[in-house]
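Coordinates in review
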Amino acid sequence: MHLDQKVSLKALHTFGMEVEARYFVEAKTQSEVLTLLNYRQMIHMPILFLGGGSNVLFTRDFSGIVIKISAKGISAVETDDGHVLVSVEAGENWDEFVQYCVNRGWSGLENLSLIPGTVGAAPIQNIGAYGVEVKEIIESVLVVDINTAKQRRLTNAECSFGYRDSVFKNTLKGKVIILNVTFKLLNPNLPTYQLTNLPPYQLHYPDLQHELASMSIAAPAIADIREAVCRIRRRKLPDTFVAGNAGSFFKNPVIMKEQLDSLKATFPDLPHFPNQGKGTIKIPAAWLIDQCGWKGYRNGDAGVHPNQPLVLVNYGNATGRQILDLANQIMESVKQKFGILLEMEVNVF
Ligand SMILES: Cc1cc2nc3c(=O)[nH]c(=O)nc-3n(C[C@H](O)[C@H](O)[C@H](O)COP(=O)(O)OP(=O)(O)OC[C@H]3O[C@@H](n4cnc5c(N)ncnc54)[C@H](O)[C@@H]3O)c2cc1C
């Protein structure tokens, strides 16, 4: 392992700001992560664990140690109930892992194709797309406590998953490193799969249905679903190599039915998705931001994507502070117009 000083993070996060880490080290195995924790007891300075850097915004140089988690490894065991348990090291690239599963016909993750980042970060905000959230497929998460170096395996229930949320964003925030994630995938090739009575694929999301129809595929195989998801994403989402971004900057707000009813009186076209649990309703943040006139806004190199108002963009030399200022202005205008508080999805440092 190499501890380097004054390392540029520009190529290590998808917003692409020119920021520096005072110290930087890459941990390529689980034991290297654990070794670093021993030093942690001695060195008292801020510490930041980085995966693919696709959900972070740096507003300044980082004055402590950035540890990039790059540990690799995948192992799988078949169960006797039509599933396969796949255990994956935190540093594996997410989409390469999805491809790995699709190649073997193991279903569950195909709708989450092409999401940037690492396996270790996936449980943190319970990544989701095209009608699937990763919580539906996670069996357990192996973590190590940053202060005691003790390891613990959390069950799915102990992860307290919610919409773009988990225990790792709440009580365990900054306290643990995710070392390994175990997924429970369906294996329709196993004879015991018939006993599960489960459909092999999740095809209810309208965009996915339309894409498969446009590909003239009526009975999709797992590779077709991955291909359809990749096509939609390539069309809809800005390429981070062309314009720096971190995907959706804000979460879709979840409100109570009473608030929806009163908003509907003023904004009859307000789109909404009921049944988010406990009588709550999800509102598309993109619509709210668009209604406030932000779509396509640009101030210098900081802007709002012209097709995806949820995505804030660094067109070249925007600073993290400029992106954050823009985010705050958007949140303020949405609050003023709709009385709804937007919450950031991206982790700001
Ligand atoms: C173009 C684009 C599209 C996206 N689309 C989606 C989408 O469809 N759905 C979705 O849910 N998200 C999406 N995202 C967000 C992002 O891809 C996910 O949040 C992803 O899981 C982040 O992974 P990462 O490895 O890059 O995490 P990072 O950005 O490196 O880290 C994110 C946070 O997790 C912490 N962290 C990282 N690894 C560990 C670890 N092993 N242990 C403890 N803490 C850790 C970091 O300290 C940081 O706080 C998108 C992002 C981009 C740029």
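Residues numbered from 1 in each chain as written. Predicted model: local features only at pLDDT ≥ 70, side-chain atom pairs only at ≥ 80, totals over all residues. Heavy atoms only, no water.

Ordered in space as E6-E7-E12-E10-E11, the 5 strands form an open sheet in which the pairing is antiparallel. This sheet does not close on itself; its edge strands, each paired only once, are strand E6 (74-78) and strand E11 (151-155). Across this sheet, the average inter-strand angle for adjacent strands is 20 degrees, counted without regard to direction. Sheet strands touched by helix H2 (residues 94-104): E6, strand E7 (83-89) and strand E12 (176-186). Its angle to E12, the strand with the most contacts, is close to 25 degrees. (Pairing = 2+ DSSP bridges. Helix = DSSP H or I, 4+ residues; strand = E, 2+ residues; numbered from the N terminus. Axes fitted to C-alpha atoms, helices over the stretch in contact; angles between N-to-C directions. Contact = heavy atoms within 4.5 Å.)

This part is about the side chain of Ser140. Looking at where Ser140 falls in the secondary structure, it is placed in strand E10 (residues 138-145). Using a relative accessible area of 8% as the deciding quantity, one classes Ser140 as buried. Within the structure, Ser140 has its side chain in polar contact with the side chain of Arg153 (distance 2.9 Å). Excluding anything up to four places from it in sequence, Ser140 contacts Arg153, Leu154, Thr155, Val181 and Thr182. (Buried < 20%, exposed > 50% of the residue type's maximum accessible area, 1.4 Å probe, protein only. Polar contact = N/O pair within 3.5 Å; in protein donor to acceptor, adjacent residues only side chain to side chain.)

Here we come to the domain arrangement of the chain. Domain assignment breaks the chain into domain 1 (4-69), domain 2 (74-235) and domain 3 (254-348). Using C-alpha coordinates to define each centre, domain 2 is positioned 27 Å away from domain 3. (Domains from an automatic or database assignment.)

What follows covers the site of the ligand. By nearness alone, 32 residues border the ligand, and Phe49, Gly51, Gly52, Ser54 and Thr118 come closest of all. For the ligand, an oxygen atom lies 2.8 Å from a polar atom in the backbone of Asn55. Between a nitrogen atom of the ligand and a side-chain N or O atom of Arg233, the distance comes to 2.8 Å. Of all the elements in the fold, those that place two or more residues in the shell around the ligand are strand E3 (47-50), strand E8 (128-129) and E12. For the shell around the ligand, a count of residues per class yields 16 nonpolar, 14 polar and 2 charged. No fewer than three residues from each of domain 1 (4-69) and domain 2 (74-235) sit in the shell around the ligand. (Near = heavy atom within 4 Å. Nonpolar A, V, L, I, M, F, W, Y, C, P; charged D, E, K, R; others polar.)

Bringing the pattern of salt bridges into the picture now. A full pass over the atoms with the stated rule returns 12 salt bridges. The partner of Glu20 in a salt bridge is Lys6, and the shortest N-O contact between them spans 3.8 Å. Here Lys6 lies in strand E1 (residues 4-8) and Glu20 lies in strand E2 (residues 20-27), a separation of 14 residues in the sequence. Accessibility expressed as a relative area gives 62% for Lys6, which makes it exposed. Note that Arg164 and Glu345 form a salt bridge whose closest N and O atoms lie 3.9 Å from each other. Here Arg164, found in the loop between E11 and E12, pairs with Glu345, found in the loop between helix H7 (320-338) and strand E18 (347-348); they are 181 residues apart in sequence, far enough to count as distant. Among the residues examined, Glu345 registers a relative accessible area of 8% and is labelled buried. (Salt bridge = Lys/Arg side-chain N within 4 Å of Asp/Glu carboxyl O.)

Moving on to the sheet that holds E3. A sheet is described by the order of its strands in space; here 4 strands give the open sequence E1-E2-E5-E3, paired in mixed fashion. Here the strands that pair on one side only, and so sit at the sheet edges, are E1 and E3. Ignoring which end each strand starts from, the neighbouring axes of this sheet average 40 degrees apart. Here E3 runs beside strand E5 (residues 62-69); their pairing, made up of 4 bridges, is parallel. If you follow Leu50 over to E5, its bridge partner there is Lys68.

Two elements in contact, H2 and helix H4 (residues 222-236), have axes separated by 9 Å at closest approach and are oriented at 155 degrees. By the criterion of interaxial angle, the relationship of H2 to H4 is roughly antiparallel. Where H2 approaches H4, its residues Asp95, Val98, Gln99 and Val102 are matched on the opposing element by Ile222, Ala223 and Arg226. When its residues are assigned to classes, the contact of H2 with H4 shows 4 nonpolar, 1 polar and 2 charged. (Parallel < 35°, antiparallel > 145°, perpendicular 65-115°, else oblique.)

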